[in-house]
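Single-letter residue listing:
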Amino acid sequence: IRDRIELPFPTHRNDFEAELAIVIGRRIRNVSPQAAGRYIFGYTAAQDISDRDIQQGESQWARAKSFDTFTPVGPYIEPKIDPQDLTIQLFQNGQLRQNSHTSQMIFNCAQLVSFISTNMTLLPGDVILTGTPSGVGPIESDDTLEVRIQGLAPLVNSVK
C-alpha cells in the first residue's frame, strides 16, 4: 500500500521521522504502567512529517506537524507483538537513514500510555506516536519513504 505525502510549502524544510505507533483498544483513564498493556489493541508503523520552518517560527508545534497527509500510519495493526526490542528503520529512496531499536526509547510503550492516561481519557482507535530515533532528515518531492519495524508490515509513501 502506497500513499502520497503532500508538502504544502515545498520551499520549507520538511523532515521525516520513523515511529512506532500504539493503537488503543479500550477506554482508558489514569492507569498504571503495569496495567497499560491490557488497553493496547496493537501496534503499527508511522511517519511523523514536520515542517521545520513553521516549527521554528511558532512556539506551538501543532501546525507544523498537522498538515493533511503529514502523519501516515499503517498499513496494518499488529495486535500480537512485543514492542520491547524491535528494529525500527527508515529508508529514503532506498538509503537507510534511521536505524535503531525500540529498546532504546526513553519511555517504553506502557509508560507512555500510562502517562498520557493521567492527563486525558484515551478511546478505542486513538493512536500514540512513541518518538523517533536519531537520523531525522529532510525530504523532497519525488522521494520515497519506507518505515520498517520488525514484525510489522512496511509503511511506504511517496512525497509530492
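We now turn to the structure provided with this report. Remember, it's a predicted structure, so these values are computed and weren't measured experimentally.

Cut-offs used in this document
Residue numbers restart at each chain and count upward from 1, following the sequence in its written direction. The model is predicted, so local features are restricted to residues of pLDDT at least 70 and side-chain atom pairs to those at 80 or more, both for listing and for counting; the totals for chains, interfaces and linings are taken over all residues. The side-chain numbers reported here are obtained from all heavy atoms of the structure, hydrogens and water having been left aside. A run of DSSP states H or I qualifies as a helix once it reaches four residues; a run of E qualifies as a strand once it reaches two. Both are numbered from the N-terminal end. Residues adjacent in sequence count toward polar contacts only when both atoms are side-chain atoms; beyond that, a polar contact is any pair of N or O atoms within 3.5 Å, and within protein one must be able to donate a hydrogen and the other to accept it. Two residues form a contact once any of their heavy atoms are found within 4.5 Å. Two strands are said to pair when DSSP picks up at least two bridges between them. Axes, fitted as lines to C-alpha atoms, cover a helix only where it is in contact. Angles between the N-to-C directions of the axes lie from 0 to 180 degrees. The buried label goes to any residue with under 20% of its type's maximum accessible area, the exposed label to any with over 50%, and the partly exposed label to all in between, with areas taken from a 1.4 Å probe on protein chains only. The rule for a salt bridge is simple: a side-chain nitrogen of Lys or Arg has to be within 4 Å of a carboxyl oxygen of Asp or Glu.

Residue position: glutamine 55 is located in helix H2 (residues 52–57). A polar atom in the side chain of glutamine 55 sits 2.6 Å from the side chain of arginine 52. Here glutamine 55 is in contact with Ser50, Trp61, Ala64 and Lys65, once residues within four sequence places are set aside.

All right, on to the sheet that holds strand E9 (residues 127–129) then. The four strands are arranged E6-E4-E3-E9 in an open sheet whose pairing can be described as antiparallel. Only two strands of the sheet have a single partner each, and these edge strands are strand E6 (73–78) and E9. Within this sheet the neighbouring strands show an average axis-to-axis angle of 25°, counted without direction. With three bridges connecting them, strand E3 (residues 18–24) and E9 associate as antiparallel partners. Within E9, the residue paired with valine 23 across the bridge is valine 127.

Once that is clear, we can look at the environment of serine 100. Relative to the helices and strands, serine 100 resides in strand E8 (residues 95–101). Here serine 100 falls in the buried class, since its relative accessible area comes to 10%. With 50 residues separating them along the chain, serine 100 and serine 50 place their C-alpha atoms 20 Å apart. Excluding residues that lie within four positions of it along the chain, serine 100 makes contacts with Leu86, Thr87, Ile88 and Pro133.

Across all of its chains, the model carries eight salt bridges by this definition. Taking the shortest distance from any N to any O, the salt bridge between aspartate 15 and arginine 13 comes out at 2.7 Å. A salt bridge links aspartate 15 to arginine 52; its shortest N-O distance comes to 2.8 Å. Taken together, the positions of aspartate 15 in strand E2 (residues 14–16) and arginine 52 in helix H2 put the pair 37 residues apart, joining distant regions of the chain. Neither residue differs from the other here; aspartate 15 and arginine 52 are each classed as buried. One salt-bridge network, held together by shared partners, links Arg13, Asp15, Glu17, Asp48, Arg52 and Lys65.

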